[in-house]
Amino acid sequence: DQQYLKYKKYGVDVSIVDKSMMQSRFPQINADIGTFDNNGEHEHEYVPMDEHTFFLYEEDAGYFEPGQALMDLRNVLKTQYAENVNFYFNTSVQKIIHSGGKVKGLEISHKDQASDAVFCDTIINCCGPWYNQIVKDLDLDIKLTLSPVRIQCIYKDCPELFTPDILSTFGKEHNLPIPIIVDLLSGIYMRPQKKSQQVLASTCREDEERDKWDPNVELPTGADPDVRTKYLNSLYHRLEPIMKPISAKVHSLSSFYTVCEDDVQYVLGPTKLKGFILCNGFSGHGFKCAPSVGSLIAQHVCGIKIDGDTEVPIEFYSPYRTPHKLKV
């Protein structure tokens, strides 16, 4: 009830799913509420929903497709702001140029090892996993610890879930076979990918988002075999009514999150080096929070507020804050 009221307070359309609604609206989802060991080490005992069991469903939930979102952003900048925007691809920042406590620009290195300099009075460090590499020599006196961690996910080919029969039966609302699911009982997040006819799965357990990794060391090309198996076990369990363990390709990849270890909140705002602004530590939620974060950074840099800008003070996310202790 508390979660429902909190969402409603902020205008989010949510529903409380009880046993009856689960059976009528989401019959394609296994409603087992027993804790599921996706390692397969312990025999599972099925626990059915009862009158005291409820789930929270966000009616208009969705997600950013990262690659397409970046392409859209690039295209808008190229077509609408080409006179004011330069792009540098396959380029790394080698050094922040500064003097007198102020930013003067940065040194960059291109793929062919050629060096260049870009002069400016404002730099936004949104380098994600390479955050520490950029700030290490700047003496910013920031106590918060941001760490790059390896995240693994799988994409299971499921063409059988995207047939007209399945979509007409289970996809009446959004023309998708399943909703986005956060399965805390087995520890995974899953979502359908309509264009590729796949289901994606990754972890939603905080303790599995702590595999620290040097961003300059190449990641494994895919998920570890044991992780792949765990995610598949969870998928087959939760989607048992419609997903059969048939032979089908399972793709996987590894990527990065950047996590603020102290309180798992973003790190945004100015530093003691004038003109050097931080925008890091999103723990995999960067695209989702991009509108509000972009608003915060734009307000700070431009010094103005426009209709639709967030009211959250940027100081809440300050790199010099005392770590937050928030109740969910």
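**Quick look at the overall build of the protein**
So, step 1. In terms of regular secondary structure, the protein is built from seven helices and 13 strands.
So, step 2. Overall size of the protein, expressed as C-alpha extent along the three principal axes, is 65 × 45 × 40 Å.
So, step 3. The buried share of the protein, reckoned over its 328 residues, is 38%.
So, step 4. Contacts spanning at least 24 positions in sequence make up 64% of the contacts within the protein whose residues lie at least 6 apart.
So, step 5. Only carbon and sulfur atoms are counted for the fraction: they give 52% of the accessible area of the protein, which is about 19800 Å².
So, step 6. Side chains of the protein carry 34 positive and 45 negative charges; the gap between the two charge centres is 4 Å.

**Quick look at the side chain of T310**
So, step 1. Position of T310 relative to the elements: it lies in the segment after helix 7 (290-302).
So, step 2. Reaching out from T310, the side chain makes a polar contact with the backbone nitrogen of V312 at a distance of 3.2 Å.
So, step 3. Discounting chain neighbours no more than four positions away, the residues touching T310 are S292, S295, L296, Q299 and K305.

**Topic: the sheet that holds strand 6 (residues 123-125)**
So, step 1. Strand order across the open sheet formed by three strands is 6-13-12, with mixed pairing between neighbours. Edge positions in the sheet fall to strand 6 and strand 12 (267-270), since each has one partner strand and no second. Geometrically, the sheet is characterised by an average inter-axis angle of 20 degrees between neighbouring strands, direction not taken into account.
So, step 2. The sheet strands contacting helix 7 are strand 6, strand 12 and strand 13 (276-280), and the helix crosses strand 13 at an angle near 175 degrees.

**Examining the layout of surface pockets**
So, step 1. One number sums up the size of the second largest pocket: a volume of about 180 Å³.
So, step 2. Taken together, V93, Q94, K95, I96, H98, Q133, I134, K136, D137 and L138 make up the lining of the second largest pocket.
So, step 3. Mapped by element, the contributors of at least two residues to the lining of the second largest pocket are strand 3 (91-99) and helix 4 (131-135).
So, step 4. A per-element tally of the lining of the second largest pocket places strand 3 first, with five residues.

**Regarding the pattern of salt bridges**
So, step 1. Counting across every chain of the model gives 12 salt bridges.
So, step 2. Here K8 ties to D13 by a salt bridge, and the two come within 3.7 Å at their closest N and O atoms.
So, step 3. Salt-bridge contacts for D263 lead to R321; the nearest nitrogen and oxygen are separated by 2.9 Å. Residue D263 is located in the loop between strand 11 (250-260) and strand 12, and its partner R321 is located in the segment after helix 7; the two are separated by 58 residues in the primary sequence. Each member of the pair D263 and R321 is classed as buried.
So, step 4. Here the salt bridges do not stand alone but share partners, grouping R25, E59 and E173 into one network.

**Concerning the nonpolar core**
So, step 1. Ranked by internal contacts, the top residues of the largest apolar core, which has 26 residues, are I154, M190, V199 and L235.
So, step 2. Here this core gets four residues from one element, more than from any other, and that element is helix 6 (residues 225-238).
So, step 3. The residues contacting L235, other than those within four sequence positions of it, are I154, K156, I188, M190, V199, A201, E240 and M243.
So, step 4. Counting residues in hydrophobic clusters, the runner-up holds 18 residues, among them V135, L140, I142 and L273.

**Some words on the pairing of strand 10 (residues 198-203)**
So, step 1. Counting buried residues along strand 10, six of its six residues qualify, which places the element largely inside the surrounding structure.
So, step 2. The pairing of strand 7 (residues 146-157) with strand 10 spans five bridges and is classified as antiparallel. Across the sheet, K156 pairs through a bridge with V199, a residue of strand 10.
So, step 3. By the bridge criterion, six bridges tie strand 9 (residues 188-193) to strand 10 in an arrangement that is antiparallel.

The rules behind these values
Residue indices begin from 1 for each chain and proceed along its sequence in written order. In keeping with the predicted nature of the model, local features appear solely for residues at pLDDT of at least 70, side-chain atom pairs appear and are counted solely at 80 or more, and the whole-chain, interface and lining totals rest on all residues. For side-chain calculations, the full set of non-hydrogen atoms in the structure is used, while hydrogens and water are omitted. To qualify as a helix, a DSSP run of H or I must reach at least 4 residues; to qualify as a strand, a run of E must reach at least 2; elements of each kind are numbered from the N terminus. In this scheme, a residue with accessible area under 20% of its type's maximum is buried, one over 50% is exposed, and one in between is partly exposed, where area comes from a 1.4 Å probe on protein chains only. Contacts are residue-level and defined by heavy atoms, with any inter-residue pair within 4.5 Å sufficient. Each accessible area value is a Shrake-Rupley result obtained with a 1.4 Å probe; residue values ignore everything except the protein chains displayed when judging cover. In summary, the charge assignment counts Lys and Arg as positive and Asp and Glu as negative, without counting His or the chain termini. To locate a charge, take atom NZ for lysine, CZ for arginine, CG for aspartate or CD for glutamate. Two N or O atoms form a polar contact when they lie within 3.5 Å of each other; inside protein one atom must be a possible hydrogen donor and the other a possible acceptor, and for residues adjacent in sequence the pair counts only when both atoms belong to side chains. For two strands to count as paired, DSSP must find a minimum of two bridges between them. Axis lines are fitted through C-alpha atoms, for helices just across the contact stretch, and the angle between N-to-C directions can take any value from 0 to 180 degrees. Using a grid of 1 Å spacing that covers the protein atoms alone, one calls a set of points a cavity when a 1.4 Å probe fits there but cannot get out, and a pocket when the set is open and has protein on both sides within 12 Å along at least five of seven lines; lining residues are those with an atom within 4 Å of a point. Grid points are joined across faces, edges and corners, and a volume is the space filled by probe spheres set on the points. Every case where a carboxyl oxygen of Asp or Glu lies within 4 Å of a side-chain nitrogen of Lys or Arg is listed as a salt bridge. We call a set of buried Ala, Val, Leu, Ile, Met, Phe, Trp, Tyr and Cys residues a nonpolar core when their side-chain atoms join them within 4.5 Å.

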